[in-house]
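Structural features, examined
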Amino acid sequence: MAAAGDGPWLDDAAGRLVRPFTVSNGRTEPSVALDLMSQVMATGGTPLGYLGPEHAHALDLCRAPVSVAEVAAQLKLPAVVTKVLLADLLDCGALTTKPPVHHHIPTDRSLLEAVLDGLRRQL
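Notes on the structure in this doc start here.

Parameters and conventions
- Residues numbered from 1 in each chain as written.
- Predicted model: local features only at pLDDT ≥ 70, side-chain atom pairs only at ≥ 80, totals over all residues.
- Heavy atoms only, no water.
- Helix = DSSP H or I, 4+ residues; strand = E, 2+ residues; numbered from the N terminus.
- Expected span 1.5 Å × (residues − 1).
- Buried < 20%, exposed > 50% of the residue type's maximum accessible area, 1.4 Å probe, protein only.
- Polar contact = N/O pair within 3.5 Å; in protein donor to acceptor, adjacent residues only side chain to side chain.
- Salt bridge = Lys/Arg side-chain N within 4 Å of Asp/Glu carboxyl O.
- Pairing = 2+ DSSP bridges.

Let us now look at helix 4 (residues 79–91). Relative to the 18 Å expected for 13 residues at 1.5 Å per residue, helix 4 spans 18 Å between its end C-alpha atoms, a close match to the ideal helical length. Judged by how many residues are buried, helix 4 sits mostly within the fold: ten of 13 residues are covered. Those residues of helix 4 not exposed but buried are Val81, Thr82, Lys83, Val84, Leu85, Leu86, Ala87, Asp88, Leu89 and Leu90. Among the residues trailing helix 4, Gly93 stands out with phi positive, at a value near 85°.

Here it is as structure tokens:
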């Protein structure tokens, strides 16, 4: 039985009925380099050619600028599969992208040491 809102793609007992790499036709390399923090946004243009349901769902999620990581989380797909889907949408002109904004923040050694100590305690 499918969970509410998931359609035929998920089953309560079996889990995902369509394997993630089937969604990208087995492709693992996007045609465009995308960072997890890259921002993508729909252009409003109509994509040319056939797009699968995951493409349509991804495009719907990109009405406002959103990170690649957030799209992957919303689609419940691995990041590499999501990057392939988003690259398809970029290639057909349905999406636009801009690289993430990197703020140059000097490294605070005490902060890094505190994070490392916390990680060590967790292991």
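Among the secondary structure elements, Asp88 is positioned in helix 4. Judged by its relative accessible area of 16%, Asp88 falls in the buried class. Among the polar contacts made by the side chain of Asp88, one reaches the side chain of His55 at a distance of 2.9 Å.

Turning our attention to the pattern of salt bridges. For the coordinates displayed, the defined rule picks out two salt bridges. For Asp60, the salt bridge identified is with Arg63, shortest N-O distance 2.4 Å. Its salt-bridge partner being Glu113, residue Arg109 comes within 3.0 Å of it at the nearest N-O pair. Of this pair, Arg109 and Glu113 both sit in helix 5 (residues 109–122), four residues apart, roughly one helical turn. On the accessibility criterion, Arg109 (63% relative accessible area) is exposed.

Quick look at the environment of Glu70 now. Here Glu70 shows up in helix 3 (residues 68–75). Through-space distance from the C-alpha of Glu70 to that of Met37 is 8.6 Å; in sequence the pair is 33 residues apart.

Not every positive phi belongs to a glycine, and Lys76 is a case in point at roughly 60°. Lys76 gets classed as exposed once you look at its relative accessible area, which sits at 56%.

On to the pairing of strand 3 (residues 39–42). Where strand 3 meets strand 4 (residues 66–67), two bridges bridge the pair, whose relative direction is antiparallel. Considered in strand 4, the bridge of Val40 is made with Val66. Relative to strand 5 (residues 95–98), strand 3 is paired through four bridges, and the arrangement is antiparallel. Note that in strand 5 the partner of Ala42 across the bridge is Leu95.

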